[in-house]
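Structural overview
Listed below, chain by chain, are the residues.
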Amino acid sequence: MDIDMPRVQRKLGFTDLLVALSTTLWFIPTYIAAEPLKVAYTEFPPYSFTNEAGAADGFSIDVIRRVLETAGHQPEFVHSTNPGHTLELLSSGGADLSTFMVTTPARLEEVRATQEVGSIKLAAFTLRTSGFARSEDLAGKRIGVVKGSASTSAARMIPFAEIVEFQQTDDLIVPLLLGEVDAVVSGQEAFTARLREANVFGKIITLEPSLVSMPYAILVSETNADLLPNLNQALDRSLSPATIKALRESWFGRDTYLYEKPAFWFVAIAIALFTAVTGYLGVRVLRYKREAARALRANQANDLLINALDELNAAIVIYDQNMRAVHRNAGFAKSFPRLVPQVDAGATMADLIGVSYKAAVVEFGVNDKSIDEFVSDVIASVEAGMDNRRLVKAKNGLVYEARDFRLGADHYASIRVDVTAQAALQETIVQQAEELKLVNARLESFAAIAAHDLRSPLSRIAPLVEFIIEDLDEAKIQVPQQVEEYLGLLTQQADAMSTLVEDLLTYASAGTQNGRPESFDPCDRLANVLKIIEPPEGFTIKTPQAMPQIFADPIAFETVMRNLISNALKHHGKGVGTVEVFATENLGYVQIHVSDDGVGIPEKYQNTVFEPFKRLSSTVSGSGLGLAFVQKTVESWGGSISLSSSPGEGCTFSITVPCGQQVEHILAS
C-alpha cells in the first residue's frame, strides 16, 4: 500500500483470540500440503506491518492467509520497503504476489490484479469545534499530510490549500489537536482506528465528502498470472460479509455502542432514581391532594370559589342557605358601591333586590305590579331552583344581565354582568330593522306605482295594432308583407315588454312582500305547484313522498319551486326527459334539489346564471329574471342557492332553507 499509516499497538481481547483460533483451525488442514507463495508487504498498519515478534501482521495479512489457504497455498511473507519496491519484487521474481495495493493504471501495466477487494478512502479530518462542515470549507487552509504519500495528492485537490508535511501518521494528531494545522488528510479507516487508539476520536470529525476513493486488490506477478482464477475463487469463498466485518472490527475497531459507554449507565441510573423519587413524591402529592380535597368539602367548600369570583369582571354576591349575603367580589363594589354596606351587613337577596329598585340604583321596568310583588316572584322562582334571568338598567346608564339562582345545595348567588355594549348593539339592530321596514314599504309603494304607470300604456299597444289592421281591412288598403310582419313584431314585443315589467316588479318585491315565515311541509306546497305546471309530452316530474319541514314563506316557496321546475323543463334541450325533486337535511338546514337530465350549463356560464337579465338561450322566451328572483327570495329566508352542472349531464339547482323543527325548537327555548 502507498499510504503511510501508523504502527498499531493492540491489546488482544476475547474476540481477537476467537478470530485467531478459528483462523488457525481453518488453516491446519491446508498447511500440510500447501505450496508456499512469497507475499510482499509494506509497513502500512493496521493493513500490514511487522509486529513485536518480528512476524507479518495486520488486516491485509489475515485476509491473505485465509485466501491462500483456501486456494491451497502457504504464504511466505517478504518485507518490502515501499510500494515501488513491492513492484520490483513482483517483476524480478522476488515475490509472487502482494498484500492489498491500490490498482492504479501504471501498476496494472507491470503486474496483474485480482478482482477488487475493497477501497481506501482519503478524507479530511478536523476538530469538532472548528466549524468546518464539508471538505469544500477547507479552501485556503493549512492541511497536514504524510510526506510522500497519496494523501499529498489528495490534499492538493483542496483549492489554495497550504500543504504541511510530516514524517508519519502519528505526527499528524498532535498538531491537529493544538490547532497548528486546520485539518489533516489521511486514509479514513486507518486514521480513524489510530484516533480510537489515542482516545481522541470524539474530538475529531471526518468531513464529507471523501476526497478520493481508490480501489485495491491483490497484485500478482506476470509469471504467476495463472494464479488469478484460483485466487478470485478463493476470495469469493473465504471472504463472507460476516468474516470481513469481524476482521475489520478486530483491526480497525468500531464505534462504541451506547450501552458500552460509562456515561450511559450513569444517566440510566440517574433517570431511574429520578423516576422513582418522582413517582414516590407524586403518590404522596396525590394523597395530600385527596386529603385536602376532603377537608375542603367538609369545612371550606367555598374558599376557592370565592377567590375565583373576586377576579371576575362582574358583580357577584354569594348567599347562604337562608339567602343572607356571605361574600361579594370586587366587581360588586365597583358596579354598585351604594349597596356595599347592606351586603357586608348580611342583607338578604330580597333586601338587596328591593333596595336596588327603591333607592333608584337601577330602574324598575315592571308596570303591572309593585316592587315588593316583583321581588317576591323572583325569590320564589330562585327557591324553586329556577335560573331567574333579566336585563336591568342602572341609573348611570349601564345595562346589566341579572341572574339569581341556586348554587349547590346550601347556597345561592346573584350575578350582574355588564352587557351595555351588547344592549347598544341590539338597539342599533332594532333601529336598522325599523329603517329597513320603511325602505321596503317605499319599495312596495314604488312597485305599485310602476305597475300602474307601465302596465296601462303597454296594455293599449296590442289593441291599437289590432285597430290599425281592422281599419286597413275596412279601407281595403293592402299593405306590403313587410309592414304586416312589423305589426306582428310590434304586438310580440309589447307582450314581451309586459312580461318583462311583471317579472321586474316581482324581482323588485322579492324579499319585501314575503309573508310571515312559518314552519310547513314542503310536499303539500309542491303539490300545488305541480297542478299549475303542465310538463310537455315526453317529460316526467318526480317528487318525493315526504320531506323535512322548512321555515319560510309558503306562498313565496311555491313561486320559487315553480320557477326552478319551469326552467328545468324550458331549458332541458332534449325531446324527452325527467325532472326530479328531492331533499336532504344537514346541520339544521334542508336542501331541496331540482335536478334534470338535460344538456346542462357550460362551466364558464355557471357563475352568471343568477345575475338579473342574464339569458343563456335566445330561442327560449323569458326575461332573465327568474333565477335572480329565486336567489333574492331564498336569501331573504336566511338560505342560499347553488348550481351543479356538467355539459351533457343535466343541471341540479339546490336551495338551502332553515329546518322547520330546528327553528321551532330555538323559538321554544
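Residues numbered from 1 in each chain as written. Predicted model: local features only at pLDDT ≥ 70, side-chain atom pairs only at ≥ 80, totals over all residues. Heavy atoms only, no water.

This next bit is on the pattern of salt bridges. The final tally for this structure, using the stated rule, is 13 salt bridges. For Arg389, the salt bridge is made with Asp387, and the minimal N-O distance between the two is 3.6 Å. Glu558 is the salt-bridge partner of Arg525, the closest N and O atoms lying 3.0 Å from each other. Of the two residues, Arg525 is situated in helix H18 (residues 522-532) and Glu558 in helix H19 (residues 554-570); the sequence distance between them amounts to 33 residues. Each of the salt bridges in this network shares a partner with another, and the network as a whole consists of Asp387, Arg389, Glu401 and Arg403. (Salt bridge = Lys/Arg side-chain N within 4 Å of Asp/Glu carboxyl O. Helix = DSSP H or I, 4+ residues; strand = E, 2+ residues; numbered from the N terminus.)

On to the sheet that holds strand S15 (residues 388-393). Picture the strands of a sheet paired through backbone hydrogen bonds; they go either parallel or antiparallel. Pairing is antiparallel across the open sheet formed by five strands, whose spatial order is S14-S13-S17-S16-S15. Either end of the sheet is taken by a strand with one partner, and the two such strands are strand S14 (325-328) and S15. Direction aside, neighbouring strands of the sheet carry axes that sit 20° apart on average. Sheet analysis places S15 next to strand S16 (residues 399-407), joined by six bridges and oriented antiparallel. Bridged to Lys393 within S16 is Val399. (Pairing = 2+ DSSP bridges. Axes fitted to C-alpha atoms, helices over the stretch in contact; angles between N-to-C directions.)

Before going further, it helps to examine the pairing of S16. If you look at the hairpin formed by S15 and S16, you'll find five residues sitting between the two strands, and Gly397 has a positive phi there, around 95°. Inspection of the sheet shows S16 paired to strand S17 (residues 411-418) by eight bridges, in the antiparallel sense. Within S17, the position partnered with Tyr400 by the bridge is Asp418. Between the antiparallel neighbours S16 and S17 lie three residues, among them Gly408 with a positive phi of about 75°.

What follows covers the nonpolar core. A general tendency of soluble globular proteins is for nonpolar side chains to be buried together. Ranked by internal contacts, the top residues of the largest apolar core, which has 38 residues, are Met561, Leu564, Ile565, Phe653 and Ile655. Among the elements that make up this core, the one with the highest residue count is H19 (eight residues). The residues contacting Phe653, other than those within four sequence positions of it, are Leu564, Ile592, His593, Val594, Ile601, Phe610, Leu627, Ile641, Ser642 and Leu643. Within the second largest apolar cluster, 28 residues are counted, among which are Val39, Val67, Ala71 and Leu227. (Core = buried A, V, L, I, M, F, W, Y, C linked by side-chain atoms within 4.5 Å. Buried < 20%, exposed > 50% of the residue type's maximum accessible area, 1.4 Å probe, protein only. Contact = heavy atoms within 4.5 Å.)

What follows deals with empty space enclosed by the protein. Taken as a whole and judged by the stated rule, the model has two cavities of 30 Å³ or more. Taken as a whole, the largest cavity holds about 180 Å³ of empty space. Together, 15 residues line the largest cavity, and Phe332, Leu339, Leu352, Ser356 and Arg416 are the ones closest to its centre. Where the lining of the largest cavity is concerned, the elements lending two or more residues are strand S13 (315-319), helix H14 (349-358), S15 and S17. (1 Å grid on protein atoms, 1.4 Å probe; cavity = no way out; pocket = protein on both sides within 12 Å on 5 of 7 lines; lining within 4 Å. Points joined across faces, edges and corners; volume = space filled by probe spheres on them.)

For any two helices packed against each other, the geometry is given by the interaxial angle and the distance between the axes. Relative orientation of the contacting elements H18 and H19 amounts to 50°, with a least axis distance of 9 Å. As the angle between them shows, H18 and H19 are arranged oblique. Our pair here, H18 against H19, has a crossing hand that is right-handed. Facing Pro522, Arg525, Leu526, Asn528, Val529, Leu530 and Ile532 of H18, the residues of H19 in contact are Pro554, Ile555, Phe557, Glu558, Met561, Arg562 and Ile565. Considering only residue class, the contact of H18 with H19 consists of ten nonpolar, one polar and three charged. (Parallel < 35°, antiparallel > 145°, perpendicular 65-115°, else oblique. Left-handed = near helix turned anticlockwise from the far one by under 90°. Nonpolar A, V, L, I, M, F, W, Y, C, P; charged D, E, K, R; others polar.)

Across all of its chains, the model carries ten aromatic pairs by this definition. Where Phe49 meets Trp251, the ring centres are 5.9 Å apart and the plane angle is 75°; that geometry is what we call edge-to-face. Residue Phe49 is located in strand S2 (residues 49-50), and its partner Trp251 is located in helix H9 (residues 241-252); the two are separated by 202 residues in the primary sequence. Taking relative accessible area as the criterion, Phe49 reaches 4% and is therefore assigned buried. Taking 5.6 Å as the distance between ring centres and 65° as the angle between the ring planes, the aromatic pair formed by Phe520 and Phe557 counts as edge-to-face. Of this pair, Phe520 sits in strand S18 (residues 518-520) while Phe557 is found in helix H19, placing the two residues 37 residues apart along the sequence. Taken individually, Phe520 and Phe557 each receive the classification buried, so the pair is uniform in this respect. Counting every residue linked through ring pairs, the aromatic cluster contains Tyr47, Phe59, Phe100 and Tyr216. The cationic tip of Arg196 hangs over the ring face of Phe201; the distance from NZ or CZ to the ring centre is 4.8 Å. (Phe/Tyr/Trp six-rings, centres within 6.5 Å; stacked < 30°, edge-to-face > 60°. Lys NZ or Arg CZ within 6 Å of the ring centre and 35° of its normal.)

This brings us to a negative patch on the surface. Together, Glu466, Glu470, Asp471, Asp473, Glu474, Glu484 and Glu485 make up a negatively charged patch on the protein surface. Per-element tally for the negative patch: the top contributor is helix H16 (residues 420-474), with five residues. Residue position: Glu484 is located in helix H17 (residues 481-509). Assessed through its relative accessible area of 37%, Glu484 is described here as partly exposed. (Patch = residues over 30% accessible without salt bridge, like charges linked within 9 Å, V, L, I, M, F, W, Y side chains within 5 Å. Areas by Shrake-Rupley, 256 points an atom, 1.4 Å probe, with all protein chains shown as cover. Lys, Arg positive; Asp, Glu negative; His and termini not counted. Charge placed at Lys NZ, Arg CZ, Asp CG, Glu CD.)

With that settled, the discussion passes to a nonpolar patch on the surface. Taken together, the side chains of Trp265, Ile269 and Leu273 present a nonpolar region at the surface, about 350 Å² in accessible area. By secondary structure assignment, the location of Trp265 is in helix H10 (residues 262-299). We classify Trp265 as partly exposed; its relative accessible area is 48%.

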